[in-house]
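Understanding the architecture of this molecule
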Amino acid sequence: MTTTPYEVAVRAEAELGEGPTWDAAAGRLLWIDIFGCRVHTYDPATGRRTVRRTEQHVGAVKPRAGGGLVLNLRDGVGLLDPSDDGFRWLHHEPVPGRRANDAAVAPDGSLWAGTMRYDEAPGGGTLSRITGDGSVEVVLDDVAVSNGTGWSPDGRLMYYIDSPTRRIDVFDYADGRLSGRRTLAGIEDGAGFPDGLAVDADGCVWVALWQGAAVRRYTPEGQLDRVIELPVPLVTACAFGGAGLSDLYITTARIGLTDPPALAGSVFVVPGAGKGVAQPAFAG
C-alpha cells in the first residue's frame, strides 16, 4: 500500500464541495457546493473558473450529450441549455424534508440520481434511474445517504455507497437492471464514512472518506492498495480528469467544522494518479 502526494487545484471555501466530474467536450472540471447552491467549473489548462448560482440545493452536475448540463436538484432533475441561460425541469418531484445528493451517468446515458432526507433518516432516500426523455424508475428505495455510484470499465458491475452502512457495495449490471448485491469492502471504525467514488481503467475503486481525511483505492477484489492522505477531514468525492484522464480531482467540505483547516472546502488534485475511464454524458 502506498501513500500518494497531492496538490491544491482550486483554493476555495465550499461549504459542502462535492461531485467532481470531468467535462471532456469542454476540457474542464465541473463540481458543486451543495448548500452554497453553486455550480463551479475549472479549466486546468488556463486556470479559468466560473461560478453559477442555483435556486435551490444542488446535489450533482453532469454534462449533456447535446450540450449544456443536467442538475440533480432538491426538487428533481433539471436541464441547463448549452448557453447556461435556459432552465427547465426534466423531472419535478418535491418531497418535504428531502434533497438531492450524488449522481452518476450509466453506460447507456441514463442518470442515476440519489436523494436523502436532510435529517439523514434511514430509508428516507432513494436511487432513481432517469432516462433522456424524463422517465423515472426508483431502483433502490431503502437508502439513508445515497452517495458514490460508478461502473466497471466493461459496464458489467455497478458500485454503490449508502454512507451510513460504511460499505462499498457492488451489483451485477445489465440493461439498466441490478442484481446480486454484495459487499466489495467495508470501512473500519475510526476511518470515516465512504462518500463519493471513481472507478479507474484497471477496475479499481477510489473512495473519498468523509471524516477520514483521505481517499482510498480498492482493487476489484476489495483489497486496499493505495491511500491519499489530505490535510482536511471532510473529503467528499473524486474523479479522473485532465489530459489522458490521469489526474485525480478531489472535493472537500468545511460544513460543521468549528475551526476548519485553511484548505477545507478546496479542490485537490493528484497528478498522474492513474488512468481514468471516459464517462458518458447524460442522454437528455
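Attention here is on the structure that accompanies the text. (Residues numbered from 1 in each chain as written. Predicted model: local features only at pLDDT ≥ 70, side-chain atom pairs only at ≥ 80, totals over all residues. Heavy atoms only, no water.)

Helix and strand counts for the protein stand at zero helices and 25 strands. Computed over the C-alpha atoms, the radius of gyration of the protein is 17 Å, within 12% of the 19 Å expected from 2.2 N^0.38 for a compact globule of 284 residues. Oriented by its inertia axes, the alpha-carbon framework of the protein measures out at about 45 × 45 × 40 Å. Residues counted as buried form 57% of the 284 residues belonging to the protein. Counted over contacts in the protein with a minimum sequence separation of 6, partners at least 24 positions apart contribute 43%. Both charge centroids of the protein, one from 26 positive and one from 36 negative side chains, sit 3 Å from each other. (Helix = DSSP H or I, 4+ residues; strand = E, 2+ residues; numbered from the N terminus. Rg over C-alpha atoms; globule rule 2.2 N^0.38 Å. Buried < 20%, exposed > 50% of the residue type's maximum accessible area, 1.4 Å probe, protein only. Contact = heavy atoms within 4.5 Å. Lys, Arg positive; Asp, Glu negative; His and termini not counted. Charge placed at Lys NZ, Arg CZ, Asp CG, Glu CD.)

Let's shift gears to the pattern of salt bridges. Evaluation of the coordinates by the stated rule reveals twelve salt bridges. With a closest N to O distance of 2.9 Å, Asp75 and Arg74 form a salt bridge. Notably, a salt bridge pairs Arg217 with Asp200, separated by 3.5 Å at the nearest N-O pair. Within this pair, whereas Arg217 is found in strand E21 (residues 214–218), its partner Asp200 is found in the loop between strand E19 (193–199) and strand E20 (205–210), the two being separated by 17 residues in sequence. On the basis of relative accessibility, which here comes to 12%, the residue Arg217 falls in the buried class. One salt-bridge network, held together by shared partners, links Arg167, Asp169 and Arg181. (Salt bridge = Lys/Arg side-chain N within 4 Å of Asp/Glu carboxyl O.)

On the secondary structure map, Asp169 appears in strand E17 (residues 167–174). Judged by relative accessible area, which is 2%, Asp169 ranks as buried. Only 2.9 Å separates the side chain of Asp169 from the side chain of Arg167, close enough to count as a polar contact. With sequence-adjacent residues up to four places away left out, Asp169 is seen in contact with Met158, Tyr159, Tyr160, Arg181, Arg182, Thr183 and Leu184. (Polar contact = N/O pair within 3.5 Å; in protein donor to acceptor, adjacent residues only side chain to side chain.)

What follows concerns the packing of aromatic side chains. One pass over the full model with this rule turns up eight aromatic pairs. Taking 5.4 Å as the distance between ring centres and 85° as the angle between the ring planes, the aromatic pair formed by Tyr6 and Phe268 counts as edge-to-face. Here the residue Tyr6 occupies a position in the loop between strand E1 (2–3) and strand E2 (7–10), and Phe268 occupies one in strand E25 (residues 267–270), the gap between them amounting to 262 residues. Judged by centre distance (5.9 Å) and plane angle (65°), the rings of Trp112 and Tyr173 are edge-to-face. Taken as a pair, Trp112 in strand E12 (residues 111–117) and Tyr173 in strand E17 lie far apart in primary sequence, 61 residues in all. Take Trp112 and Tyr173: they sit in the same class, and that class is buried. By way of ring pairs, the aromatic residues Trp112, Trp151 and Tyr173 are connected into one cluster. (Phe/Tyr/Trp six-rings, centres within 6.5 Å; stacked < 30°, edge-to-face > 60°.)

Inspection of the secondary structure assignment puts His40 in strand E5 (residues 38–42). In the structure, His40 is positioned eleven residues away from Leu29 in sequence and 8.1 Å away in space, judged by C-alpha atoms. Once residues within four sequence positions are removed from consideration, His40 is found in contact with Leu29, Leu30, Trp31, Ile32, Asp33, Thr50 and Val51.

Spatial ordering of the open sheet is given by E7-E8-E9-E10, a layout of four strands whose pairing is antiparallel. Whereas interior strands pair on both sides, the edge strands pair on one side only; in this sheet they are strand E7 (58–63) and strand E10 (87–92). The mean angle between the axes of side-by-side strands here comes to 25°, regardless of whether they run parallel or antiparallel. Pairing analysis gives five bridges linking strand E9 (residues 76–80) to E10, with the strands arranged antiparallel. Bridge assignment links Leu79 to a residue of E10, and that residue is Arg88. (Pairing = 2+ DSSP bridges. Axes fitted to C-alpha atoms, helices over the stretch in contact; angles between N-to-C directions.)

Its volume calculated, the largest pocket comes out at about 570 Å³. In terms of lining, the largest pocket is formed by 37 residues, of which the most central are Pro20, Thr21, Trp22, Lys62 and Gln279. Top contributing element to the lining of the largest pocket by residue count: strand E3 (residues 17–23), with five residues. In the lining of the largest pocket, the residues fall into 23 nonpolar, ten polar and four charged. (1 Å grid on protein atoms, 1.4 Å probe; cavity = no way out; pocket = protein on both sides within 12 Å on 5 of 7 lines; lining within 4 Å. Points joined across faces, edges and corners; volume = space filled by probe spheres on them. Nonpolar A, V, L, I, M, F, W, Y, C, P; charged D, E, K, R; others polar.)

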